[in-house]
Amino acid sequence: MSTKIATLAKKLDMKTNVLIAYIKDFGFEIDAKNKTIEDELAEIVEDELKQVLKKQDEMDTAEIYDEIVGQEMEKDLIKSQRKQTAGKEKTKVKKSKEKEEVKTEKKISTITETAAKKDAIEIEDSITIKEFAEKTNISAAKIIGELMKNGIIANINQEIDYETISIIALDLGINIKRKRSAAKIEDMMEGNLSKLLYEDDKSVLVTRPPVVSIMGHVDHGKTKLLDTIRNTHVIDQEAGGITQHIGAYQVEKNGHKITFIDTPGHEAFTAMRARGAKATDIAILVVAADEGVKPQTIEAINHAKDADIPIIVAINKIDRPGANPEKVKGELVEHGLQAESWGGNVIMVPISALTGEGIDKLLDMILLTAEMEDLKANPVRPAVATVIEAHLDANLGPVATVVINTGSLKIGDNIIIGPAYGKVKRMQSDRGKHLKMLCPSDTAQIAGLSETVHAGDILQVVSNEKEARQKAIAIRDIMKVKNIFSQALSVKDLASRIKSGNLKTLKIILKADTQGSLEAIKQSLDKIPQEKVSLKIIHNGIGAITESDVMMAAAGGALVIGFQVETPVLATKAAEKHSVEILSYRIIYKLLEDVKNLLEGLLEDEILEIETGKVEIIKIFFKKKHDYILGCKVTNGKIERKSTIKIFRNNQELGKGDIFSLQKVDKKMEEVKEGNECGLKFSTSCELIEGDTLIAYKLEKKERSL
Ligand code: GDP
């Protein structure tokens, strides 16, 4: 049996054309010849539209129930209960409170029971309506109808995100749960750790211990400090076993854990950053009180600054006769670190790694800094971790020490690390203790990998062995053609990234032959206008370009610029390996011109708004939250589907809106010209009324120069 569209339109007080467009957009079939739809669909369309239009009724019912139960959650349930019964047994919203109460409670329990009876259906981040229909055995039409009730107009092949599906699943009495999709391969490829780490719902995050790296000049006492901390603040005295340097360890201070990366120096820190890892939360800068600031001290400062992590200065060797902590503080001011006792905000703690003096205070300061940084992670998801150290063990095969970024890692978990995969067979701490589970910021050496991995690689838990193998193979294939783990950018990469708006700062490492030329170049670079794209010298110095310069560039996505300096073979090789670009100059003006040209090429284009037409809202056919279906007339120029729209009332701008579809009668259009009527599916946070004017713009790019 079928229903005539015209009859249905009349019933709904709607224009036939609009109703047809509406029905088609839901993906429902219309018999074109007879202008009819099947009875069942007609019933759904009628009910859904009535529901939306009678929003007022919904409010009443919800309020009544709110009064009785007074809880938000149940309020949502009553809405879903109403939606459930909308098709056949309509809710009699005008009934008395008592009847409503009994009925509502009954239905809530039915919904809950139905939901509980069914096994939860697993859904990833999104699903098409068609797939959802197949999984649930519910007709696509019914799902589209439910979405519609929630103000979402979608067709059968449209991807719906998990959050939306979860709302209508409740309405439909279906139990669903999120299937945590493993990070996409592209994210792994890009070394895009941030995407893997920060997708968590804020409410599930808990505080995690800080992960600390120790940096500074050679012989200033980094190794000694790491050893002293480890020996004086052991977590588990009972653990036994001989202490092994596995690359990281954990200590406890006043019941709070701290994880230390047990590879002193900024090389390890930088190598990890170069691979996209973010393993460190806080940097401890060790400066010997009798020697003061040295070249590697400055490099370490610049590394930490570029990584945007807090620095705590440990002024070491205060037991020595020539120790002068105040002099060290003075020298550090020149490099942008001002001690709190000097009116600045950098924590500096005088210590002796040899005698242990000041170590407790240093640990307290680490915990304080961690508290201020508000370090959080989700302990209940599959782990994402960073490899700190890896090698081939004669007995265990490939092993890797990892620090957990988020989630928890358990024995038996299937994992991938770059192109390697495996199952976690054994987890051991630096004191030889066997662990069953690692939580955020915990560290252990793991065994069970298919091959040796590298420091800075990202570990990720996947759901099964098959997935682990498939992903590892995919990563290996891509690695064959691309140096996927380098953060380094060629001049061309930089130009295109900034053009696409993805990079707003051009970072450089500048090396020159003399202090005089270095200062002259810095001053001239400073004068180049930097309104849109800024230039940042993340490190500078006198002398040849070193491997360390190249690694810093690789870690920070910077260019290395040398003026009248050599590039030794080792640095050239490192640059090739990490795809870092080194630009060498003999003439200052050429250097400046190139940087200026580069910045000019990088400048973002100016976006101009060009008005293309005016449209008047004749009728508002549909409104739900921010979504509208509008009947309009083009009074001037033309409106395009891709137009940017501003809304005006009495020549006053109200705000902006987005066009989802543009139609003329029942045909989808790319543009509609002056004098014609059109239908718009439109979204705006403004409250529209009939008579409002929409002004259509197109956006044009205009290249800018310095
Ligand atoms: P690193 O190169 O920064 O790792 O420096 P080390 O930890 O290897 O220390 C270099 C030397 O300084 C070693 O002989 C240490 O014993 C010594 N040292 C480290 N810390 C102290 C300290 O606080 N006081 C004294 N007197 N010597 C120290």
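Here the structure is a predicted model, which means the values were calculated and not measured.

Draft legend 1. Local environment of the overall build of the protein. A count of helical and extended segments in the protein gives 22 helices and 34 strands. Burial status across the protein gives 49% buried among its 706 residues. For the protein, the proportion of contacts with a sequence separation of at least 24, taken over those separated by at least 6, is 72%. With an accessible surface of roughly 34100 Å², the protein has 49% of that area assigned to carbon and sulfur atoms.

Draft legend 2. Molecular detail of the site of the ligand. As a matter of local geometry, the ligand sits amid 15 residues, with Asp219, Lys222, Thr223, Lys224 and Asp319 nearest to it. Note that an oxygen atom of the ligand is positioned 2.9 Å from one of the side-chain N or O atoms of lysine 222. Measuring from an oxygen atom of the ligand, one finds a side-chain N or O atom of lysine 317 at 3.1 Å. Out of a free accessible area of 570 Å², the ligand has 76% covered by protein chains. No other element matches the three residues that helix 12 (residues 222-232) contributes to the shell around the ligand. Taken together, the residues of the shell around the ligand sort by class into three nonpolar, six polar and six charged.

Draft legend 3. Broad picture of the pairing of strand 23 (residues 505-512). In terms of residue burial, strand 23 counts as a mostly covered element, since seven of its eight residues are buried. Relative to strand 24 (residues 534-542), strand 23 runs parallel, the two being bridged by eight bridges. Bridging from a neighbouring strand, lysine 511 pairs with glycine 541 of strand 24. The parallel pair strand 23 and strand 24 is bridged by helix 19 (residues 515-527), and the resulting crossover is right-handed. Bridge analysis of strand 23 against strand 25 (residues 559-563) gives five bridges, and the strand direction is parallel. The partner of isoleucine 508 across the bridge, within strand 25, is leucine 559.

Draft legend 4. Summary view of unusual backbone geometry. Positive phi, normally seen in glycine, also occurs at asparagine 254, with a value near 50 degrees. Tracing the backbone through its elements, the reader meets asparagine 254 in the loop between strand 9 (248-253) and strand 10 (256-261). We classify asparagine 254 as exposed; its relative accessible area is 60%. The residue asparagine 650 is not glycine, and still its phi comes out positive at about 50 degrees. Note that asparagine 650 resides in the loop between strand 29 (644-649) and strand 30 (652-664). The exposure class of asparagine 650 is exposed, given its relative accessible area of 71%.

Draft legend 5. The environment of histidine 303, seen in detail. Examined against the element boundaries, histidine 303 turns out to sit in helix 14 (residues 295-307). Given the relative accessible area of 1%, histidine 303 is considered buried. Considered as a pair, histidine 303 and glycine 556 are 253 residues apart in the sequence and their alpha carbons are 8.5 Å apart. The residues contacting histidine 303, other than those within four sequence positions of it, are His266, Phe269, Thr270, Arg273, Ser548 and Met552.

Draft legend 6. Summary view of the sheet that holds strand 12 (residues 311-316). Read across the sheet, six strands follow the order 9-10-8-11-12-13 without closing on themselves; strand pairing throughout is mixed. Strands with a single pairing partner mark the edges of an open sheet, and in this sheet they are strand 9 and strand 13 (348-350). Strand-to-strand, the axes of this sheet are offset by a mean angle of 30 degrees, without reference to chain direction.

Draft legend 7. Region of interest: the side chain of glutamine 445. Counting through the fold element by element, glutamine 445 comes out in strand 21 (residues 443-449). Of the residues examined, glutamine 445 reaches a relative accessible area of 7% and is grouped as buried. If we skip the residues at most four places from it in the chain, glutamine 445 touches Ile246, His391, Leu396, Val399, Ala400, Thr401, Arg426, Met427 and Gln428.

Draft legend 8. Highlighting helix 15 (residues 325-333). Every buried residue belonging to helix 15 is among Val328, Lys329, Glu331 and Leu332, and all of these are buried. In an axial view of helix 15, the angular spread of the buried residues amounts to 165 degrees, which keeps them on one side of the axis.

Draft legend 9. Just the sheet that holds strand 26 (residues 582-585), in detail. Pairing within the open sheet is parallel, and its four strands lie in the order 24-23-25-26. Looking at strand neighbours, the two that pair on one side only are strand 24 and strand 26, the edges of this open sheet. On average, each strand axis in the sheet is tilted by 25 degrees relative to the strand beside it, whichever way the strands run. Sitting on the sheet, helix 14 is in contact with strand 23 and strand 24, with an inclination near 165 degrees to strand 24. Together, strand 23, strand 24, strand 25 and strand 26 form the strand contacts of helix 20 (residues 547-556), whose direction differs from that of strand 23 by roughly 175 degrees.

Draft legend 10. Structural view of the nonpolar core. Core analysis: the largest hydrophobic core is formed by 26 residues, its most contacted members being Leu225, Phe260, Ile284, Ile312, Leu362 and Ile366. Of all the elements in the fold, those that place two or more residues in this core are strand 8 (211-216), helix 12, strand 9, strand 10, strand 11 (282-288), strand 12 and helix 16 (359-373). For isoleucine 366, the contacting residues outside a window of four places in its chain are Pro210, Val212, Ile258, Phe260, Ile282, Ile284 and Ile312.

Draft legend 11. Highlighting helix 21 (residues 569-577). Those residues of helix 21 lying buried are Ala571, Ala574 and Ala575. For helix 21, the arc enclosing every buried residue in end-on projection is 100 degrees, short of the 170-degree limit, so these residues lie on one face. Helix 21 presents Val569, Leu570, Lys573, Glu576 and Lys577 as exposed residues on the side facing more than 90 degrees away from its buried surface. Next to the buried residues of helix 21 lie helix 20 and strand 26. The first or second residue beyond helix 21 is serine 579, which carries a positive phi of 55 degrees.

Draft legend 12. View of the environment of serine 683. The residue serine 683 is located in strand 33 (residues 677-684) in this model. Expressed as a C-alpha distance, the spacing of serine 683 and isoleucine 629, which sit 54 residues apart in the sequence, is 8.7 Å. With sequence-adjacent residues up to four places away left out, serine 683 is seen in contact with His626, Asp627, Gly657, Asp658 and Phe660. A polar atom in the side chain of serine 683 sits 3.5 Å from the backbone oxygen of histidine 626. A polar atom in the side chain of serine 683 sits 3.5 Å from the side chain of aspartate 627.

Draft legend 13. Focus on the packing of aromatic side chains. Here the structure, examined in full by the defined rule, presents one aromatic pair. Looking at lysine 646, its charged tip hangs above the ring of tyrosine 697, at a distance of 4.9 Å from the centre.

Draft legend 14. Structural detail: the confidence of the model for the protein. In the predicted model, the protein carries a mean pLDDT of 79, and the fraction of residues at 70 or more is 76%. With pLDDT under 50 throughout, residues 55-118 is counted as low confidence; its partners more than four residues away or in other chains account for 77 contacts. Residue range residues 181-194 is modelled with pLDDT below 50. Its contacts to residues more than four positions away, or to other chains, number 40 contacts.

Scoring rules and cut-offs
- Residues numbered from 1 in each chain as written.
- Predicted model: local features only at pLDDT ≥ 70, side-chain atom pairs only at ≥ 80, totals over all residues.
- Heavy atoms only, no water.
- Helix = DSSP H or I, 4+ residues; strand = E, 2+ residues; numbered from the N terminus.
- Buried < 20%, exposed > 50% of the residue type's maximum accessible area, 1.4 Å probe, protein only.
- Contact = heavy atoms within 4.5 Å.
- Areas by Shrake-Rupley, 256 points an atom, 1.4 Å probe, with all protein chains shown as cover.
- Near = heavy atom within 4 Å.
- Polar contact = N/O pair within 3.5 Å; in protein donor to acceptor, adjacent residues only side chain to side chain.
- Nonpolar A, V, L, I, M, F, W, Y, C, P; charged D, E, K, R; others polar.
- Pairing = 2+ DSSP bridges.
- Right-handed = clockwise from strand over helix to strand, strands pointing away.
- Axes fitted to C-alpha atoms, helices over the stretch in contact; angles between N-to-C directions.
- Arc of directions from axis to C-beta.
- Core = buried A, V, L, I, M, F, W, Y, C linked by side-chain atoms within 4.5 Å.
- Phe/Tyr/Trp six-rings, centres within 6.5 Å; stacked < 30°, edge-to-face > 60°.
- Lys NZ or Arg CZ within 6 Å of the ring centre and 35° of its normal.
- pLDDT = per-residue confidence, 0-100.

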